[in-house]
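If you want the building blocks of each chain, they are given just below.
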Amino acid sequence: MLPNPYTPGQVPRVLAGRGPESDRIRGYLSRVDTFGELGGPLLVFHAPRGVGKTSLLRDSQRDAVEHGFVTAWVSCSRRQPFLPELVNRVARALTTAEVVPARQQGRWSDRLEKISLAVGPPGAKLTAEVSRPAAVAPPAAPIAAVEDLLHEAATRVRGRFGAGLVVFLDELHAPLRTDTATFLNALQNLDGARAENPLAVIGAGLPSTPEELTRAATFGERSAFVALSLLDDDASKEALVGPARMLEVDWDPDAVRAVESEARGYPYFLQLMAHAAWNAAAPSPGDRVGAAHVAAGLPAATEQLRTMYRARWRAATLLEQEFMVAMAADGHEAAARSVIATRMGRDSRAISVPRDRLLDKGIIEPAGHGRLRFTLPGFDAYVRAHHEARG
Ligand SMILES: Nc1ncnc2c1ncn2[C@@H]1O[C@H](COP(=O)(O)OP(=O)(O)OP(=O)(O)O)[C@@H](O)[C@H]1O
Ligand SMILES: [Mg+2]
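Residues numbered from 1 in each chain as written. Chains lettered and ligands numbered in written order. Predicted model: local features only at pLDDT ≥ 70, side-chain atom pairs only at ≥ 80, totals over all residues. Heavy atoms only, no water.

(A) The pattern of salt bridges, seen in detail. One pass over the full model with this rule turns up 27 salt bridges. Arg177 serves as the salt-bridge partner of Glu212, at 2.8 Å between the closest nitrogen and oxygen. Here Arg177 lies in helix 6 (residues 177-192) and Glu212 lies in helix 7 (residues 209-216), a separation of 35 residues in the sequence. Take Glu212 and Arg177: they sit in the same class, and that class is buried. Taken together, the shared-partner salt bridges in this structure form one network comprising Arg111, Asp148, Glu152 and Arg156. (Salt bridge = Lys/Arg side-chain N within 4 Å of Asp/Glu carboxyl O. Helix = DSSP H or I, 4+ residues; strand = E, 2+ residues; numbered from the N terminus. Buried < 20%, exposed > 50% of the residue type's maximum accessible area, 1.4 Å probe, protein only.)

Here is the structure:
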């Protein structure tokens with residue numbers, strides 16, 4: 001039996017429909033490669049959950065490595081520092097690429113130790129960040145340390161044999177704001193000496209990322225923001241047909257259309273439905289996946305999705321559930337905080353506890369001007385249906 005080539009929840013085998021975004025990243029990197037200078041302002045992709053941010057970045061990481069870059073990947077967590085992890089990841093990337101010659105190892109680890117101390121050990125800066133403070137100037141020492149780290153690592157890569165250093169920052173909407181501010185300040189300073197820093201930084205996060213970066217440092221708004229869209233029909237088809245062709249299996253056109261109309265360009269749904277249709281077809285080389293297989297797979301795919309929604313729903317307290325019901329009442333538009341409070345029959349300030357908890361769990365996110373939205377497409381419909389079912 002052939003293995004299932006679809007990847008719900010994992011980096012896809014075929015990254016469909018992201019040609020323009022991949023080109024944009026390539027252009028950014030080629031500046032580093034050709035001129036040995038900073039690629040440009042921080043490049044940030046944003047989209048709701050499951051639209052393919054991590055997949056795009058992972059694909060670009062692979063591409064960057066093929067083009068002689070050394071890469072470091074950091075995945076941020078909500079209200080946690082990420083700079084200690086950045087130091088670790090950059091250090092490890094340089095070690096793996098054998099960029100630091102043996103005779104300089106001692107000096108390099110001394111440098112790293114000093115940098116680590118300046119940015120703070122993991123977990124050390126967990127001073128609760130009280131709700132939403134205005135941007136405050138971060139202290140100078142960690143900024144200088146991050147500058148040193150990125151400058152030194154990037155020039156070492158370039159000096160040794162490589163094109164430069166690429167740092168990928170995933171979940172960039174999430175981390176402790178002081179760390180974001182420190183990082184943005186360091187990047188701004190490195191930009192001042194652009195020609196000496198063969199470096200690119202590429203980020204991804206939820207749609208709240210631009211606002212979050214601007215709150216961390218006013219010049220955060222000068223980052224290059226790119227919204228990642230859903231896949232159009234051609235790209236959806238490619239996502240379905242591409243992985244199957246690798247195994248000499250084809251899709252009937254009406255089967256493709258059936259998945260397209262169910263998934264509506266949402267990459268996670270596409271993978272889920274294709275995975276289920278493949279299991280129903282259990283094809284051998286030369287076989288075809290047909291509309292009947294899609295129909296047969298649909299209950300399994302829908303159930304998987306419902307399990308995900310249900311897990312989110314059940315992890316919420318009664319008050320949080322009440323909050324989500326009030327929020328979902330308008331369809332999938334972002335809901336204003338005051339409207340949610342009115343629907344719950346409470347004062348606007350009294351709803352900040354469930355709101356903060358739901359933000360922390362990554363179930364909802366700010367959508368600007370005191371509005372909130374769900375991070376996972378389709379979850380609003382689940383909440384409405386669930387609520388109605390309960391009566
Ligand atoms: N361009 C694409 N072509 C085909 N499949 C894709 C594409 N982009 C993403 N996917 C699939 O969609 C799903 C979600 O992708 P991914 O994890 O990259 O999304 P994300 O935006 O990072 O989500 P989250 O916000 O939850 O981290 C995965 O199953 C992945 O295989
Ligand atoms: Mg992701």
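So much for the structure itself; the text now carries on.
(B) Quick peek at unusual backbone geometry. Although it is not a glycine, Arg79 adopts a positive phi angle of roughly 55°. Inspection of the secondary structure puts Arg79 in the loop between strand 2 (69-75) and helix 3 (83-96). Unlike most non-glycine residues, Glu171 shows phi in positive territory, near 60°. One can find Glu171 in the loop between strand 3 (164-170) and helix 6. Of the residues examined, Glu171 reaches a relative accessible area of 18% and is grouped as buried.

(C) Structural detail: the packing of aromatic side chains. Evaluated as defined, the whole model comprises nine aromatic pairs. Ring geometry for Tyr6 and Trp278: centres 6.0 Å apart, planes at 65°, overall edge-to-face. With Tyr6 in the segment before helix 1 (19-35) and Trp278 in helix 10 (residues 267-281), this pair connects stretches of sequence that are 272 residues apart. Of the residues examined, Tyr6 reaches a relative accessible area of 4% and is grouped as buried. (Phe/Tyr/Trp six-rings, centres within 6.5 Å; stacked < 30°, edge-to-face > 60°.)

(D) Inspection of the sheet that holds strand 9 (residues 364-366) at higher detail. Reading across from one edge, 8-10-9 is the order of the three strands in this open sheet, with antiparallel pairing throughout. The strands lining the two open edges of the sheet, one partner per strand, are strand 8 (335-336) and strand 9. Relative to strand 10 (residues 371-374), strand 8 is paired through two bridges, and the arrangement is antiparallel. Among the inter-strand pairings, Ala336 is bridged to a residue of strand 10, identified as Arg371. Contacting strand 9 and strand 10, helix 14 (residues 352-360) crosses the sheet at an angle of about 105° to strand 9. (Pairing = 2+ DSSP bridges. Contact = heavy atoms within 4.5 Å. Axes fitted to C-alpha atoms, helices over the stretch in contact; angles between N-to-C directions.)

(E) Fine view of the environment of His386. If you trace the backbone, His386 turns up in helix 15 (residues 379-390). We classify His386 as partly exposed; its relative accessible area is 24%.

(F) Highlighting the side chain of Lys53. With respect to the helices, strands and loops of the structure, Lys53 is situated in helix 2 (residues 53-66). No salt bridge is formed by the buried Lys53, whose closest oppositely charged neighbour, Glu171, lies at an N-O distance of 5.7 Å. A polar contact is formed between the side chain of Lys53 and the backbone oxygen of Ala47, at a distance of 3.0 Å. In this structure the side chain of Lys53 is engaged in a polar contact, spanning 2.9 Å, whose partner is the backbone oxygen of Pro48. Here Lys53 is in contact with Phe45, His46, Ala47, Pro48, Ala204, Gly205, Leu206 and Leu228, once residues within four sequence places are set aside. (Lys, Arg positive; Asp, Glu negative; His and termini not counted. Polar contact = N/O pair within 3.5 Å; in protein donor to acceptor, adjacent residues only side chain to side chain.)

(G) Here's a closer look at the site of ligand 1. Around ligand 1, the structure places 22 residues, and the nearest of them are Gly9, Gln10, Arg49, Lys53 and Ser55. Between Gly52 and ligand 1, the recorded distance is 2.9 Å, taken from a backbone N or O atom to an oxygen atom. In this structure, an oxygen atom belonging to ligand 1 sits 2.7 Å away from a side-chain N or O atom of Lys53. Within the complex, the protein chains bury 90% of what would otherwise be the 630 Å² of accessible surface of ligand 1. Taken together, the elements giving at least two residues each to the shell around ligand 1 come down to helix 2 and helix 10. Among the residues making up the shell around ligand 1, the classes are represented as 10 nonpolar, eight polar and four charged. When residues of the shell around ligand 1 are assigned to domains, at least three map to each of domain 1 (19-227) and domain 2 (233-312). (Near = heavy atom within 4 Å. Areas by Shrake-Rupley, 256 points an atom, 1.4 Å probe, with all protein chains shown as cover. Nonpolar A, V, L, I, M, F, W, Y, C, P; charged D, E, K, R; others polar. Domains from an automatic or database assignment.)

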